[in-house]
Amino acid sequence: AKASKLPSKAEIMSAVAEIEKLIKAAQKQSEENEDAIKKSKKEEEEKKIAEARKVEEAEKQRLAEAEKRKEDQRKEEEKMKETSEQEARDEIKSRFEVKKQKLEETFDCQLSQAKAEEKSRCDTVLETE
């Protein structure tokens, strides 16, 4: 009666085979889980790197735009300075032209007056002779 209670060698071997099969399945599942975790970590790392690059590119672009605005402002200031200097030169030239015109008019008037006085003197000399 005692022998019938113990499992047979075949049942033991079958149970061992089943246990080994379960161990292999558990190991395979564990490896798949580790691979999935590694893949997930790698994807997360790549995502972080991509985001960091995106932030870096945005910063580079922001700096480039700021530099461009600064350069544009410098050019605009230079242009305004040149315009201002040209306007000053034009104003000086205009004043000079006005002054020159007045001097020429005064000279022409004095010349005409001197000619008239000389003619009058000559006429007087000729009349008295």
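Rules used throughout
Per chain, residue numbering runs from 1 following the sequence as it is written. Local features in a predicted model are, by the rule used here, given only for residues with pLDDT of at least 70; side-chain atom pairs are given and counted only at 80 or more, and totals for whole chains, interfaces and linings are based on all residues. Think of the side-chain values as coming from all heavy atoms in the structure, minus any hydrogens and water. Where helices and strands are cited, they refer to DSSP runs of H or I of at least four residues and of E of at least two residues respectively, numbered from the N terminus. Just to be clear, the radius of gyration here is over C-alpha atoms, and the globule rule we use is 2.2 Å times residues to the power 0.38. Only protein chains enter the accessibility calculation, which uses a 1.4 Å probe; a residue whose area is less than 20% of its type maximum is buried, one above 50% is exposed, and one in between is partly exposed. Only the protein chains shown count as covering a residue, and every accessible area follows the Shrake-Rupley method with a 1.4 Å probe. Counting rule for charge: Lys and Arg are taken as positive, Asp and Glu as negative, and neither His nor the chain ends is counted. By convention, charge coordinates are those of NZ in Lys, CZ in Arg, CG in Asp, or CD in Glu. The salt bridge criterion pairs a side-chain nitrogen of Lys or Arg with a carboxyl oxygen of Asp or Glu, the two atoms within 4 Å. Only a pair of cysteine sulfur atoms within 2.5 Å counts as a disulfide in this structure description. Surface patches are drawn from residues lacking salt bridges whose relative accessible area is over 30%; two like charges belong together within 9 Å, two nonpolar side chains (Val, Leu, Ile, Met, Phe, Trp, Tyr) within 5 Å.

What follows concerns the overall build of the chain. Per the secondary structure count, the chain includes two helices and zero strands. Against the globule reference of 14 Å for 129 residues, the chain gives a C-alpha radius of gyration of 55 Å, more extended than a compact globule. Counting every position in the chain, which comprises 129 residues, the buried fraction comes to 0%. Counting every atom, the chain has about 12600 Å² of accessible surface; 56% of that belongs to carbon and sulfur. Of the side-chain charges in the chain, 32 are positive and 36 negative, and the distance between the mean point of each set is 12 Å.

Considering all chains together, one arrives at seven salt bridges under this definition. Of the charged contacts in the structure, one is a salt bridge between K60 and E57, with a shortest N-O distance of 3.9 Å. Of this pair, K60 and E57 both sit in helix 2 (residues 9-128), three residues apart, which is roughly one turn of that helix. In this structure, the salt-bridge partner of R74 is E71, at a minimum N-O distance of 2.6 Å. You can see R74 and its partner E71 sitting in helix 2, three residues apart, about one turn around the helix. Looking at R74, the relative accessible area reads 43%, which means it is partly exposed.

Let us now look at the state of the cysteines. Structurally, a disulfide amounts to a covalent bond that connects the sulfur atoms of two cysteines. By the definition in use, this model includes zero disulfides. C109 takes part in no disulfide bond, and the closest cysteine sulfur, belonging to C122, lies 20 Å away. On the basis of relative accessibility, which here comes to 48%, the residue C109 falls in the partly exposed class.

Turning our attention to a negative patch on the surface. Together, E31, E32, E34 and D35 make up a region of like negative charge exposed at the surface. Looking at where E34 falls in the secondary structure, it is placed in helix 2. Its relative accessible area of 46% is what places E34 among the partly exposed residues.

Mapping L63 onto the fold places it in helix 2. In the structure, L63 is positioned 37 residues away from K100 in sequence and 55 Å away in space, judged by C-alpha atoms.

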